[in-house]
Amino acid sequence: MPAPIVLDSDPGIDDAVALQYLLGTGLWDLKAYTTVGGNVPSEQTFRNGRALARAFGIDGGVPVHRGAGRPLTRLPYSAAGEFHGAAGLGTEVLPDSTAPEQTESSTQALLRLSREYEGELTVCATGPLTNVALALSEDPGFARRVKHLVFMGGAADVPGNITPVAEFNAWADPDAVDLVVSSGIRYTMVGLDATHGWRFGAKELEILEEAGHDMALTARLMSFYLNAYRADEGCPLHDPLAVGVCADESFITAAEGTVVVECASELTRGKTVFIPYDADYPREYYVESPLVNARTQHRGRVALGTGPRNFTEDFVDALLKRPGTV
């Protein structure tokens, strides 16, 4: 049976195709599509989420929830319109969902579903981790009830993409990331170390375009995204890869360790420091700093590169199984 999952997202073009990919795999029972401010402000991500639910055939079947509109302690999110378009979905203007708007917030939905599916629920977060952090702040038991959190964000051993040291989602709400990775929740961080390794290029776009009407929306979205990157090697599949890892870690190479996020310095805001852990040869780091040393008791999985299974191929194959319409 498909397993229960929540997709927590800030759509965004790659968030949009991450939703389509998730539905196309057939591996998941999507219980909620929760939105958060990030690539564009929160009200727009909510509108985009509703429109995408209609476009990908889950309108009314999967509730879309409005999420946090600002980071935990900082100014509102800085939009990424140069990559996603002013409203987040390239040049697309999609019709709204036909379903009534949910009164339950993204955080409330996450908490409720974690209780209904305790020990079973996967949460995949492809935007800033504000909603997840708020859920943990309201009820720390959320960490125990969630089976697995996979989030797109951070950079362990590679440069950032919003500053020289920080990835966008971690930079947008560093306090949220730090709260989450120190909560005891079972997590896998899928950051730039891996997402820059799986690319979507002209060959993959041609496959979508040749598929005809069913893939026309997706092809237009990915064409905009490709043009925004202006890279010969194609555009990275950031958010879809996080969805892929929820089911199969062989898309990445990962290691166990601790993540600590820089929250205080504007120079290094959002930098995700990875402290590796080797059970065979354990080493104690930061012994001179009891606070940091204590953090090493909280460990997760961190993507450090691509894995043996070809994610780009799986991504395109799954998209072709899930039509999108305007």
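Now for a look at the structure at hand.

Basis of the calculations
- Residues numbered from 1 in each chain as written.
- Predicted model: local features only at pLDDT ≥ 70, side-chain atom pairs only at ≥ 80, totals over all residues.
- Heavy atoms only, no water.
- Axes fitted to C-alpha atoms, helices over the stretch in contact; angles between N-to-C directions.
- Helix = DSSP H or I, 4+ residues; strand = E, 2+ residues; numbered from the N terminus.
- Left-handed = near helix turned anticlockwise from the far one by under 90°.
- Contact = heavy atoms within 4.5 Å.
- Pairing = 2+ DSSP bridges.
- Phe/Tyr/Trp six-rings, centres within 6.5 Å; stacked < 30°, edge-to-face > 60°.
- Buried < 20%, exposed > 50% of the residue type's maximum accessible area, 1.4 Å probe, protein only.
- Lys NZ or Arg CZ within 6 Å of the ring centre and 35° of its normal.

### Description of the packing of helix 1 (residues 13-25) against helix 11 (residues 216-229)
Next, step 1: Helix 11 packs onto helix 1 with a crossing angle of 145° between their chain directions and a minimal axis gap of 10 Å. As for the relative orientation of helix 1 and helix 11, their crossing is left-handed in sense. Here Ile 13, Asp 14, Ala 16, Val 17 and Gln 20 of helix 1 lie close against helix 11, whose contacting residues are Thr 218, Leu 221, Met 222, Phe 224 and Tyr 225.

### Quick notes on the side chain of Thr 107
Next, step 1: Relative to the helices and strands, Thr 107 resides in helix 4 (residues 106-116).
Next, step 2: Ignoring any residue separated from it by four or fewer positions in sequence, one finds Thr 107 in contact with Asn 131, Leu 134, Ala 135 and Glu 138.

### Looking at the sheet that holds strand 3 (residues 64-65)
Next, step 1: Reading across the sheet, the nine strands line up as 3-2-1-4-5-6-11-9-10 and stay open at both edges, with mixed pairing between neighbours. Here the strands that pair on one side only, and so sit at the sheet edges, are strand 3 and strand 10 (272-276).
Next, step 2: Strand direction decides the pairing type here: strand 4 (residues 122-125) and strand 5 (residues 148-152), joined by four bridges, are parallel. Within the sheet, the bridge partner assigned to Cys 124 lies in strand 5 and is Val 150.
Next, step 3: Sheet strands touched by helix 12 (residues 238-247): strand 1 (3-9), strand 2 (28-35), strand 4, strand 5, strand 6 (187-190) and strand 9 (252-261). Its angle to strand 5, the strand with the most contacts, is close to 160°.

### What about the packing of aromatic side chains?
Next, step 1: Counted according to the given criterion, the structure contains eight aromatic pairs.
Next, step 2: Look at Phe 168 and Trp 171: their rings are 6.3 Å apart centre to centre, the planes differ by 35°, and that puts the pair in the tilted class. Within this pair, Phe 168 and its partner Trp 171 are both found in helix 7 (residues 168-172), separated by three residues, close to a single helical turn. Trp 171 carries the same exposure label as Phe 168, and that label is buried.
Next, step 3: Linked through ring pairs, Tyr 21, Phe 200, Phe 251, Phe 311 and Phe 315 together constitute an aromatic cluster.
Next, step 4: Positioned over the ring face of Tyr 277 is Arg 299, at 3.7 Å from the centre of the ring.

Coordinates in, geometry out; function isn't part of it.
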